[in-house]
Structures are given as C-alpha cells and as structure tokens.
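# Structural overview for review
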Amino acid sequence: MTRYAMVIDQRRCIGCQSCTVACRTWNELPTDIIYNPVISSGVVGKFPNVHLTYTPELCMHCDNPPCVLCCPAKASQQDNDGIVWVDPNKCMGCKVCAQSCPYGMRSMEKSEGYIRKCTFCKDRVREGEQPYCVATCHQKARIFGDLDDPNSEVSKLVAKLKTERIHEELGTEPQVYYIPDLGGNDL
Amino acid sequence: MRNPVAPVNKMSTKFWTWPIATYLFLGGLGGGTIFMAAIYFFIGLSYEAQGLPIEYGPAAPLGFGIIVGVVMLALGCLLLIFELGQPKLFTRAFIAKTAIIKWGAVLLSVAMICAILWWAVYYWPPEWNLFWYSWTGFGNLMAVLAMVASMGLMIYTGILLSSMKSRPFWNTPAVPILFTISAMSTGCVLLSLCLHGAPFDWWMFRTYQESPLVEMMLGVSMYDYVYDGLHQLDTILVIAEIIVLLLLVIMQYSSSNVTAKSVARRWLAGETKWIFWIGMVLIGLLVPLFCYLSGNEMLAGGLAPVCALLGGLLLRFLFVYNNDRRGIPGEAKYYDRLPDKDDPIFNPYWEQNGSIY
Ligand code: SF4
Ligand code: SF4
C-alpha cells in the first residue's frame, strides 16, 4: 500500500512563497484561490535575536477527512493512497465540505460552481514525480513521499524527529507533518 | 480588534450566505408547523375515541397550516438549490449516506410528500369528492410519517451546524437543542396564524360542521382549543429558548477555545451586540413572551407572531454569519494582506495577464 504524506521542515522555510506561486501556475488557479499559503507568525525573541516562524500550508489529506464524510454527492473522495480530491462533475457546490474543513483548505470560484482544493498533484505523483510545490522548493522545506514505505525520506523523518500536526486534537489525522523551527531536533 | 480567524481566503469570506440562513429557518419553521399540526391531529383522533367525531375536534382547523408548512419547506428547498454552485446537479444531494445534508434532503422530501398525502386524505375540499376520502388508515400513517420527518427536520438544521468540528462556536450540543426549540416555537406561531388566516370554509376539515358536542367536550370552540394550546406551549418554548440561548453564549464566552470565545464576545459586547441584544433577545424573545403573558389578544395574536418569526430568522442569520474557523497562528495576517478580488489596481492587470508595473 501507499500512503502519501508530506513533511514540512519549518527550520528550512524562508517564507519566499515560491511554492504558492508554483502551485498557482501549475494548477492554473483562479485569481482568488490559493491552495498552499505560507503564513507567518511571531515575532518572538528580543532584538537582535528575533525570530519569525513560517508555516507553509496545504490540504492535510487527512486520514479521517471530515470533508469527505460530509459530502452528500460523493464528489469529495479519498483514494487508497490517501489523496483527497473533488470530482468537479459530481460536486453540486453545496460548500458543506468547505465549512467542515478545519484547515480552511477548500474554496470555490463562483463562476465555476465546484469546490477546488490541493490534490497533492495526484497526476504528477502517480507518474513518479514530486508535487509541483515540492519540486519548486529550493530550500527543500517540503518533502513528499510514501509513509508506508519505511525507507522513504518522509518515513525516516517522521520516525526520527519530533514532528507536529495542526489541530491534531480534532482526530482528523492530518498527513502533513511539521518539523518545528523552534524547539525542533537536530537533523 | 480584527477577527482573529480568517476564512479560507479573504475574497470568498462566507461560504454560506443568506439563502442558507433562510433555508435553515424555513426548514425549521415548516418542520415545526407540520409537527405541531400532527400533534393536534392526534389529539383530535384521541377525542374521536372518546366520542367526539374527528371533524368537530381539534384536528379540524389544521388544513391550511399543513399546506403553509409544506410551502415553507418547498421555499427552503428552492433556496438551497439556488445557493448551490451547480444547481443542475442537485439530485446528487441524496447519494452518500454518511452525509448529514443527505439526511436533511431525505427528511425534507418525506415531510413534504407525507404531509401533502395526509392533507389530501383528510382536508381536501369536499366538493371534489375524491375516492380516497375513506382511506383514513393511510391518512393516519402519512400523518405519523410527516410528524416523524418534521421532527427530524427540526433537529437536523441544528445538527448540520453543530457537527462541524472546524467551527468551535457551532460545535456544541446546545446548538441543535436551541434550533429545535426555536423551530418548534416558530412552528406554533405559524400554525396559530394559519388558524386565524385560513379562508375557512374551503380549508377546513372537509366535513366540518358546527356542533354543540364540541363545546361540551372541549369547553371552548375547537378553534380556541388549538389556538390557546399553541400559545401556552409557545410561552414555555420561548422561555426555554431564552435560557438555552443565554446559556450557550455565556458558556462559549467562558470557553477555553479562543475562536468560540471571540464569537461569543462579538455577540455579547462586540460588533453584533445590537443585533443580538435588541434584535434577537428583546424583539425575538422577550417581546413575544411579554405579549403572551399580558393576556392581551391583540398583542398575543398580532405582535407576538411577527416578533417570534423575526427572532427565528435572526437566530439563523447570526449563526450562519458567525462561522469562524479554528485559527492557525498567522492566518489572519496573511489573508488580510491579500488584495480584494475587485481591487482596482491589482485585478484588471491580473485578468488581462498584464503587468502591474
Ligand atoms: S485538510 Fe481539509 S480538505 Fe484536506 S483532507 Fe483534511 S479536512 Fe479535507
Ligand atoms: S461542495 Fe461539492 S465536494 Fe463539497 S460537500 Fe458539496 S457536493 Fe461535496
């Protein structure tokens, strides 16, 4: 079995937003939709030792995705490799899934009428390529791979380092693991 | 203070807007009306067992209310479909059994169809003299189904919101309780208005006749019997609604969740405080309560219903428009900095693949 997941190394992210732009280009997104924003929080510390944290986001391709459970049309679906995606020909645009995603990773362009979201670039990864945001990241802050393969880079990172997941307490089992920039382990 | 939690992207802040708020209101209202009508219908049946023919008893004046309830549900359906991104795919609402909204669609359909059949058996105008008039067993079955489905509908509108873990202010069991009480209360009000407003001889129970038996058995006319009963029940429901609403908001205000707390603060003392205190609490709840308690027929029959219906609608709007998502540190800042979709400088160039320089 395959279980795609992403590790995001916040120690490496410099907040350049290249992944955001790359994603917009590859997926030809409408003006007002962003699949993978890079948000920043802070500043912490005291001058001159100050620090800003960058958090690249994307759909967490949750193992227990509330967005799939609540879709009445079976348009929101999860494949065996864990990828959560929406079939635009089945989505009636009720937006329940967008309301139910705790990460705000779904959006709709009014003129299109269906929900759009990150697909982990499923067409690329099933051909053996990396998602476009991962391929673009010059800092190697985004690492993608198969969590079921113990030799993959993501498996090794998740096994070896203390990683965090966003809103883990909700039981959605998000599959994007963050290596925190502060208080994280050394590689 | 800025809203600490930004939605998925700034330019489509609200996924759900007025059609969904109104749909939730109409779904509850129609459900409540049919439910209350079914209760009085069964009270009428029980009086029949005691010797008061059903066409003279409390079941008689409900016909118009049932139809109005169905019309409310139908309007709600239309709004829901209107709000869809791809309305032509609306039949897909029935596909996945894990989805709460599918159950809403099923309940809505069952309530409408069964209520119409129930009405057709018992309340169809007598001049038309159709063959199914004698199918009372079937009519009773439809009444039971309509009652169950409409009860489900009242609860479902609250469950739909409270099931969302992503929205901490909605994600509490108090929400379905509040929505159910409110639906039942608005249902009482609408049904009592329909008793008033019915074009009587046509919408009345088909074989209705004046009979001295009614006053003997019920003490009042069957019309007053239902009307007074609904008002008494609504008095209790309004009191319960005040208690649950205040408990919910105060509980959320003292919640450890920052998002839930910020919405509660917005209601109690922030941007929406006037809508909440004056619109919802005073006009929507306290005024109807005062009208009922005053015993003044004009107030209880005229002002109270208008205020109570307004309050019910406002409640749905307040909830739907306060859909704050659980925050992730830094999101609000990010989305606040994005240009508006109709930004006069940014957008024209973007659309034309031009350059902003
Ligand atoms: S992050 Fe949101 S859209 Fe993605 S799988 Fe989880 S719930 Fe669904
Ligand atoms: S908007 Fe589309 S994908 Fe989302 S729940 Fe509705 S039908 Fe499913």
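Preceding this paragraph is the structure being described.
Just so we're clear, the structure is a prediction, and the values are computed from it rather than from any experiment.

On to the nonpolar core. Formed by 117 residues in total, the largest nonpolar core has its most connected members in B:Trp16, B:Phe41, B:Trp118, B:Leu245 and B:Phe319. Among the elements that line this core, the one with the most residues is helix H1 (residues 18-49) of chain B, at 15 residues. Sequence-distant contacts of B:Leu245, that is, excluding residues within four places in its chain, are made with B:Leu178, B:Trp267, B:Phe276, B:Met280, B:Val281, B:Leu285 and B:Leu315. In terms of nonpolar packing, the next biggest core, distinct from the first, is built from 36 residues, A:Cys118, A:Phe120, A:Ala141 and B:Tyr334 among them.

This next bit is on the packing of aromatic side chains. The tally for this structure, following the rule as stated, stands at 20 aromatic pairs over all chains. An angle of 35 degrees between the planes, with centres 5.7 Å apart, marks the rings of B:Phe169 and B:Phe319 as tilted. Note that B:Phe169 is positioned in the loop between helix H4 (136-162) and helix H5 (174-197) and B:Phe319 in helix H11 (residues 297-321), a separation of 150 residues in sequence. Of the two residues, B:Phe169 and B:Phe319, neither departs from the other in class, the shared state being buried. An aromatic cluster is built from B:Phe169, B:Phe179, B:Trp267, B:Phe276, B:Trp277 and B:Phe319, whose rings are joined through pairwise contacts. If you follow A:Arg124 out to its NZ or CZ, it ends over the ring of A:Trp26, 4.7 Å from the centre. For B:Lys102, the ring lying beneath its charged end belongs to B:Trp103, and the centroid distance is 5.0 Å.

Taken together, 13 residues lie around ligand 1, and A:Cys59, A:Met60, A:Cys62, A:Cys67 and A:Cys101 are the ones closest in. For the shell around ligand 1, the per-class residue count stands at 10 nonpolar, one polar and two charged.

Let us look at the packing of helix H9 (residues 258-268) of chain B against helix H10 (residues 273-294) of chain B. Residues and elements named next belong to chain B. Remark: H9 packs on H10, axes separated minimally by 5 Å, with the N-to-C direction vectors making an angle of 60 degrees. By the criterion of interaxial angle, the relationship of H9 to H10 is oblique. Between H9 and H10, the contacting residues are Arg266, Trp267 and Leu268 on the first element and Lys273, Phe276 and Trp277 on the second. When grouped by side-chain class, the residues that make up the contact of H9 with H10 number four nonpolar, no polar and two charged.

Often, the extent of an interface is quoted as the loss of accessible area on bringing the components together. On the chain B side, the residues contacting the 47 residues of chain A number 42 residues. For the pair chain A and chain B, the summed buried surface comes to about 3700 Å²; carbon and sulfur atoms form 57% of the total. Here chain A and chain B share one salt bridge between them. Two residues, A:Lys95 and B:Glu83, come together in a salt bridge whose shortest N-O distance is 3.1 Å. Taken together, the connections running from chain A to chain B amount to 20 residue pairs in polar contact (both at pLDDT 80 or more). Classifying every residue of the side of chain A that touches chain B by side-chain character gives 24 nonpolar, 13 polar and 10 charged.

Attention shifts here to the pattern of salt bridges. All names here are of chain A. Inspection of the entire model under this criterion finds 12 salt bridges over all chains. Between Arg11 and Asp9 there is a salt bridge, with the nearest N and O atoms lying 2.9 Å from each other. In this structure, Asp79 engages Arg126 in a salt bridge whose closest nitrogen and oxygen atoms are separated by 2.9 Å. Of the two residues, Asp79 sits in the loop between strand S4 (76-78) and strand S5 (84-86) while Arg126 sits in the loop between helix H4 (122-125) and helix H5 (132-136), which places them 47 residues apart along the sequence. Among the ionic contacts, a cluster of salt bridges with common partners joins Asp9, Arg11 and Arg12.

Calculation rules
Residues numbered from 1 in each chain as written. Chains lettered and ligands numbered in written order. Predicted model: local features only at pLDDT ≥ 70, side-chain atom pairs only at ≥ 80, totals over all residues. Heavy atoms only, no water. Core = buried A, V, L, I, M, F, W, Y, C linked by side-chain atoms within 4.5 Å. Buried < 20%, exposed > 50% of the residue type's maximum accessible area, 1.4 Å probe, protein only. Helix = DSSP H or I, 4+ residues; strand = E, 2+ residues; numbered from the N terminus. Contact = heavy atoms within 4.5 Å. Phe/Tyr/Trp six-rings, centres within 6.5 Å; stacked < 30°, edge-to-face > 60°. Lys NZ or Arg CZ within 6 Å of the ring centre and 35° of its normal. Near = heavy atom within 4 Å. Nonpolar A, V, L, I, M, F, W, Y, C, P; charged D, E, K, R; others polar. Axes fitted to C-alpha atoms, helices over the stretch in contact; angles between N-to-C directions. Parallel < 35°, antiparallel > 145°, perpendicular 65-115°, else oblique. Buried area = accessible area lost by both parts, 1.4 Å probe. Salt bridge = Lys/Arg side-chain N within 4 Å of Asp/Glu carboxyl O. Polar contact = N/O pair within 3.5 Å; in protein donor to acceptor, adjacent residues only side chain to side chain.

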